[in-house]
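Descriptive structure summary
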Amino acid sequence: MPTGRHCSFLPLTRDAAARVCRGERAERASAVLRLATEVESAAGDCWTVLLAGCDAPARWALSPRLRRLSEATSLYAGTSWWFAAGSVHRRKVASTQSHVEDAVADGDGQEFAKAFIGYDNAMACAVVCAQAARRGHRQ
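Below: a short report on this structure.

About the thresholds
Residues numbered from 1 in each chain as written. Predicted model: local features only at pLDDT ≥ 70, side-chain atom pairs only at ≥ 80, totals over all residues. Heavy atoms only, no water. Helix = DSSP H or I, 4+ residues; strand = E, 2+ residues; numbered from the N terminus. Rg over C-alpha atoms; globule rule 2.2 N^0.38 Å. Buried < 20%, exposed > 50% of the residue type's maximum accessible area, 1.4 Å probe, protein only. Contact = heavy atoms within 4.5 Å. Areas by Shrake-Rupley, 256 points an atom, 1.4 Å probe, with all protein chains shown as cover. Lys, Arg positive; Asp, Glu negative; His and termini not counted. Charge placed at Lys NZ, Arg CZ, Asp CG, Glu CD. Disulfide = S-S within 2.5 Å. Core = buried A, V, L, I, M, F, W, Y, C linked by side-chain atoms within 4.5 Å.

**Remarks on the overall build of the protein**
Check the secondary structure of the protein and you find 7 helices and 0 strands. Reading the protein from its N terminus to its C terminus gives the helix and strand order α-α-α-α-α-α-α. Computed over its C-alpha atoms, the radius of gyration of the protein comes to 15 Å, within 12% of the 14 Å expected for a compact globule of 139 residues. Each of the three principal axes of the protein carries a C-alpha extent, and together these read 50 × 30 × 20 Å. Looking at the protein as a whole, 40% of its 139 residues are labelled buried. Long-range contacts, defined here as pairs at least 24 residues apart, represent 70% of the contacts in the protein between residues at least 6 apart. A total of about 7,600 Å² of accessible surface is found on the protein, and carbon and sulfur atoms cover 54% of it. Across the protein, 18 positive and 14 negative side-chain charges occur, with their mean positions spaced 9 Å apart.

**Focus on the environment of Q131**
Examined against the element boundaries, Q131 turns out to sit in helix α7 (residues 109-138). Since its relative accessible area comes to 18%, Q131 is described here as buried. When the C-alpha atoms of Q131 and A17 are compared, they prove to be 10.0 Å apart, with 114 residues separating the residues in sequence. With residues up to four places along the chain from it excluded, the contact list for Q131 reads V20 and Y76.

**Some words on the state of the cysteines**
In this structure the tally under the stated criterion is 0 disulfides. Sulfur of C46: no disulfide; nearest cysteine sulfur belongs to C54 and is 11 Å away. Here C129 is not cross-linked by a disulfide; its sulfur's nearest cysteine counterpart is in C125, at 5.8 Å. Under the relative-accessibility criterion, C129 is labelled partly exposed at 29%.

**Concerning the nonpolar core**
Core analysis: the biggest nonpolar cluster contains 38 residues, and L62, L69, V100, F112, F116 and Y119 have the highest contact counts within it. Breaking this core down by element, the ones donating at least two residues are α1 (11-20), α2 (26-52), α4 (62-77), α5 (79-82), α6 (87-106) and α7. Element by element, the count of residues in this core is highest for α7, at 11 residues. Contact partners of Y119, with chain neighbours within four places excluded, come to L10, L66, L69, S70, V93, T96, Q97 and V100.

What follows is the structure, given as C-alpha cells:
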C-alpha cells in the first residue's frame, strides 16, 4: 500500500453521520461519527493482525467497539423507530456485525474485509433512514 494511505472500513457510515451532525440530534449523531472513527481505527489494526496471522490484542479489541457503535446508532435513531419501522435495519446491523465478529474469530482477513462492506452499508442505511423518518414526521 502506498505511503500516506490508509484503509477505510466505514466510509459510508462516517459520511452519513457527518451529514446528520448538523440536525436536531446533532449530539447523538456526533457520537455515531466519533465511534465510527474509533471503529475504523480498530478495524485497521484488527485487519493487519488477521493478515499477519497473529493473535494480538488488537484482534479482540474490535468487537466491543462495534457494539458501542451499534448502540450509539440505535440511540441516534430513537427507540420507537429502531424497534418498529427501523427493525429491518436493526436486524441487518446485528447480522452484519455478527459476520464481522465471525471473521475475526475465524482469523479470516478476506472475509473480514467483505463483512465490513456489509456492516458499513447497514450502518449508513440505518443512519440515513432514521433521519428520513424523522423528517417525514415533521412534515
